[in-house]
Structure formats: C-alpha cells, structure tokens
Amino acid sequence: MKKVTERGCNRCLKPGRSQIRTTIATHTHRMRLRRLVGMILALAAGLTGMLMMPIPAADTVAYARVKRPKSSSKAIKRATRKFFESRAVVAIVHRGESKQDMDDYAIDAQWGVRAYPAVKYRYIEKKKSPDLLEIHLYIRYLSYTGTGSVKDLSPTGNRAKAYRRGVERFFSGRTVSDGTKTFKLKVVWHSYAYRTRDAMADAQVFYEVAFGSGCPVDGSGCGSYRWYHAHSAGPLYGGTLVIPDAKQIGYGRAPVTGAKYQAMAAHETGHLLGLDDAYACVVNGHTVDRMAENSETCCKVAGQWLNLMATPFARDTQLLVNDVEMMLESESDAADGGAFMQSYRSVKQAGADTRISDAITDHTDKAHAAAAR
Ligand SMILES: [Zn+2]
C-alpha cells in the first residue's frame with residue numbers, strides 16, 4: 001500500500017522535524033485502518049465490476065495520458081489524443097459525441113481493477129466557444145466535533161459552500177493560455193451526500209473536506225495539524241483536506257478569512273490534485289528552495305514570480321497551464337502505480353528528496369539568476 005504523504009502548509013509554521021514526524025505517525029495510523037477498509041471494498045467492488053460490467057466502448061470515450069507536453073493547451077489536446085490506452089486519465093468528448101457520464105467513468109488501475117478516482121477530467125471540444133476542460137471533484141464533507149466524533153456535513157451548508165467558492169475562484173471559469181486562448185477550466189462538483197441519488201459506483205473514491213478536524217483544542221499530538229493542510233494517498237485512494245476551527249488554529253495565528261481563505265482552499269485542493277508545495281522550507285536547518293521561477297511555472301506580477309503552490313495567500317496568483325499539466329501528469333503517474341505528487345523543482349536533501357515534474361520543460365530559475373548578478 002502506498003504511504004500516505006503529508007503536505008502541511010508550513011510556510012508560516014516551521015515546526016520541528018520530530019514534531020512533524022510524531023504527527024505523521026499518529027495520523028497515518030488512524031488513516032491506515034480506514035484506507036485499508038476502503039481499499040478492500042474498492043478492490044472487491046472493482047473485481048466484481050470487472051466480472052459483471054462490459055468495458056465501455058472505446059469510440060465513446062478516448063482515454064489518454066499526458067507525457068512531457070509542451071507548455072501550451074494545444075499540446076495538452078494533442079497529447080491527450082495521442083496516447084490512447086485504457087489507463088488513461090482524461091475523458092475526451094469529441095464534437096458531436098454524446099457526453100460521457102463522469103459518475104460511470106472509471107480507469108483501469110493496477111492489477112486490472114476498475115477504479116473510480118476522486119478526481120476525473122473531461123475534455124470537451126467545442127466548435128465556436130473555447131474548448132472546455134472539466135475537473136470533476138468527488139468530495140465528502142465532514143464535520144468533527146470536540147469529542148472526536150465525525151458526521152457527514154451537508155454540501156449545501158455555508159462551510160462547504162465557502163470552500164467551493166474558494167476553489168472555483170482559482171480553478172473555474174479561467175481560460176488557460178500561454179498567449180493563445182484555447183480552453184477554459186470548470187470545476188464540476190460531485191458530493192458523497194448525493195451518491196445514492198446519482199447512482200455512483202460503490203467503488204467511487206472521495207476526497208474528504210474535514211471541518212474542525214486535525215487536532216484537539218488542547219493541542220495535544222497536533223504538530224502541523226493546527227493549521228490548514230491536506231494529505232492524500234492519490235486519486236485512487238483519496239485524501240483529506242483539513243480546515244480547523246478557529247479555536248484549533250495554533251502557533252498564535254488567526255484563522256484566514258476572505259480572499260486568503262479562498263486562496264487557502266484552492267492551494268490545499270491543489271495538493272489533493274497532486275501539486276506539491278513550491279515555497280521554500282527549512283529541512284535540517286537548511287533552506288530548501290522548491291520552485292524554479294520562470295514563465296512556464298509562474299506568472300509574474302509586479303516583479304514577483306507567483307504560483308498558487310508557492311504563494312498560498314497571494315491574491316494575484318492564478319492557475320497556469322503548467323499546473324494543469326502537472327495535475328494530469330499526477331493522475332497519470334498514480335494510475336500507473338507511481339508517485340502522484342508533482343514537484344516544481346528537484347530537491348535532493350535528506351528528508352525532502354523530490355524530482356521535478358515531467359510536465360515542466362523549463363528548469364531555469366530566473367529569480368535566482370537575477371539575484372546572482
Ligand atoms: Zn501547501
């Protein structure tokens with residue numbers, strides 16, 4: 001089983017290493033049981049599904065993977081068309097074809113199991129308006145009480161709505177472009193609360209958005225959990241985005257509100273979709289730079305290189321075509337049983353060994369080149 005990776009937003013926290021380690025250990029333990037049960041159910045359902053259900057006709061949906069696309073949305077389209085194979089992560093709806101019902105959309109994961117990932121992509125070709133890339137997110141909203149019990153939360157409640165508004169501000173309605181307008185992004189929400197009504201597959205995986213989760217108010221065993229964070233085992237296994245209550249926020253910080261809250265919701269959702277943190281962090285006493293600043297990976301605003309994963313609370317950040325490519329690359333890698341988290345820079349340092357995402361072609365670091373002059 002895959003290790004649950006932890007991605008806290010530690011920009012403002014910088015907790016000690018041992019502190020993080022303890023937290024991971026205690027939390028993984030809790031996660032593991034639930035994941036294991038989920039996995040067994042998913043496997044069982046997948047195997048049953050394989051025996052019972054015919055594989056969807058290939059002429060309705062093209063399954064595709066993205067490998068080393070150039071930084072343009074046209075390249076995404078080309079690449080997604082080129083790689084026709086059953087492990088694919090993007091459903092392409094060609095002009096004139098009927099729409100694929102994404103609740104029914106599954107991919108062939110490892111061992112031939114039909115899997116229903118917590119995020120699915122659908123690319124719709126349009127004749128006149130720009131093409132559309134839909135990001136289908138399967139979410140289960142949870143509320144934690146002070147006593148540690150959990151209940152499902154309504155997707156129409158204020159907290160769930162505020163979370164979605166934040167994500168949509170950065171992910172929806174945006175025309176992804178590298179200079180030529182080609183396709184728009186749209187988030188389509190699927191809620192666990194409606195799974196019966198919408199007849200989703202039993203094996204459908206959901207990401208959890210957990211309000212009031214993370215740590216007890218007394219701070220015991222909390223570590224980085226006293227701040228907003230997300231951890232994920234990948235789209236085939238699910239993950240959790242934690243939004244602590246105001247009283248749970250630690251480190252003398254106040255809860256973020258307004259535009260900052262929206263950026264936080266989008267940043268943490270970026271983690272669920274496979275994007276790594278890109279801001280500098282301290283590992284073993286050394287500052288580790290996790291972002292190669294250039295025009296492929298960042299947008300430059302007022303002399304600053306910005307990226308949602310590098311500058312979580314910056315209002316001027318926006319989702320770039322490269323981020324989208326990394327998200328697709330992430331799901332593609334996960335479907336192959338590989339690591340799903342995509343990094344913005346290669347970092348080789350004890351405790352933080354990461355390799356730059358295959359989706360990134362430009363590895364130059366313009367911010368540092370300028371600083372060195
Ligand atoms: Zn983060």
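Each value, and the rule that gives it
Residues numbered from 1 in each chain as written. Predicted model: local features only at pLDDT ≥ 70, side-chain atom pairs only at ≥ 80, totals over all residues. Helix = DSSP H or I, 4+ residues; strand = E, 2+ residues; numbered from the N terminus. Buried ≥ 20, exposed ≤ 12 C-beta atoms within 10 Å, placed from the backbone. Contact = placed C-beta atoms within 7 Å. Expected span 1.5 Å × (residues − 1). pLDDT = per-residue confidence, 0-100. Core = buried A, V, L, I, M, F, W, Y, C linked by C-beta atoms within 7 Å. Pairing = 2+ DSSP bridges. Axes fitted to C-alpha atoms, helices over the stretch in contact; angles between N-to-C directions. Parallel < 35°, antiparallel > 145°, perpendicular 65-115°, else oblique. Nonpolar A, V, L, I, M, F, W, Y, C, P; charged D, E, K, R; others polar. Arc of directions from axis to C-beta.

Trainee: Looking at this model, I keep getting lost on the overall build of the chain. Mind explaining?
Mentor: Along its length, the chain carries six helices and 17 strands. Of all 373 residues assigned to the chain, the portion counted as buried reaches 43%. Considering only intrachain contacts with a sequence separation of at least 6, the fraction spanning at least 24 residues in the chain is 68%.

Trainee: Please explain helix α5 (residues 321-335) as it appears in this structure.
Mentor: For α5, built from 15 residues, the straight-helix expectation of 21 Å at 1.5 Å per residue is met to within 8% by its first-to-last C-alpha distance of 21 Å. The buried count for α5 comes to 15 of 15 residues, which makes it a mostly enclosed element. Of the residues one or two after α5, G337 is the one with positive phi, at around 85°.

Trainee: Which parts of the structure should I look at to understand the confidence of the model for the chain?
Mentor: Caution applies to low-pLDDT regions: their predicted coordinates should not be interpreted in detail. Chain-level statistics for the chain give a pLDDT mean of 71 and a share of 63% at 70 or above. The element-level mean pLDDT for the chain is lowest in strand β2 (residues 62-64), coming to 28, with helix α3 (residues 158-171) highest at 95. A low-confidence stretch, residues 1-72 stays under pLDDT 50, and its non-local contacts, those more than four residues away or across chains, total 118 contacts. The low-confidence segment residues 75-87, where pLDDT is below 50, has 32 contacts with residues more than four positions distant or belonging to other chains.

Trainee: Explain the nonpolar core here, please?
Mentor: Soluble globular proteins: nonpolar side chains tend toward being buried together. Formed by 66 residues in total, the largest nonpolar core has its most connected members in Y207, V209, L241 and I243. Of all the elements in the fold, those that place two or more residues in this core are β6 (119-124), β7 (131-144), α3, β10 (181-191), β11 (207-211), β13 (239-243), α4 (258-272) and α5. The residues touching L241, leaving out its near neighbours within four places in the chain, are Y207, E208, V209, A210, A230, E268, T269 and L272.

Trainee: Mind showing me how you'd approach the environment of R226 here?
Mentor: Relative to the helices and strands, R226 is located in the loop between β11 and β12 (229-232). Look at R226 and you get buried, because 23 C-beta atoms sit within 10 Å. Taking the C-alpha atoms as reference points, R226 and R253, 27 residues apart in sequence, are found 9.5 Å from one another.

Trainee: How should the pairing of β11 be read in this particular structure?
Mentor: Walk down a regular strand and you will see the side chains alternate between the two sheet faces. In terms of burial, β11 is largely enclosed, as five of its five residues are buried. Neither face of β11 is left uncovered, since the one carrying Y207, V209 and F211 and the one carrying E208 and A210 both have all their residues buried. For β7 and β11, the ladder comprises five bridges, and the chain directions are parallel. Opposite I139, over in β11, you have Y207 as the bridge partner. Judged from the four bridges that link them, β11 and β13 form a sheet pairing that is parallel. Paired with F211 across the strands is I243, a residue of β13.

Trainee: What am I meant to see in the packing of α3 against α4 here?
Mentor: Two numbers describe a pair of packed helices, the interaxial angle and the distance between the axes. Packing of α3 against α4 leaves a shortest axis separation of 7 Å and a crossing angle of 75°. Relative to α4, the element α3 lies roughly perpendicular. Residues A162, Y163, R165, G166, V167, R169, F170 and F171 of α3 pack against Y261, Q262, M264, A265, A266 and T269 of α4. Of the residues contributing to the contact of α3 with α4, the split by class is nine nonpolar, three polar and two charged.

Trainee: Got a minute to help me understand α3 in this structure?
Mentor: Every α-helix carries 3.6 residues per turn, so stepping three or four residues along brings you back to the same face. If you check α3, its first and last C-alpha atoms are 20 Å apart, about what 14 residues at 1.5 Å a residue would give, namely 20 Å. Of the residues making up α3, those classed as buried are A160, Y163, R164, G166, V167, F170 and F171. The arc that holds every buried residue of α3, seen down its axis, measures 155°, which confines them to one face. When the buried face of α3 is taken as reference, the exposed residues oriented beyond 90 degrees from it are N158 and K161. Downstream of α3 by a residue or two, G173 has a phi angle that is positive, lying close to 75°.

Trainee: Would you mind showing me how to read the pairing of β13 here?
Mentor: For β13, the buried fraction is high: five of the five residues fall into the buried class. Every second residue of β13 is oriented toward a common face, with G239, L241 and I243 on one face and T240 and V242 on the other, all of them buried. Bridging between β12 and β13 involves four bridges; their strand directions are antiparallel. Note on β13: the bridge partner recorded for H231 is T240. Count of turn residues in the β12/β13 antiparallel hairpin: six residues, of which G234 carries a positive phi of about 105°.

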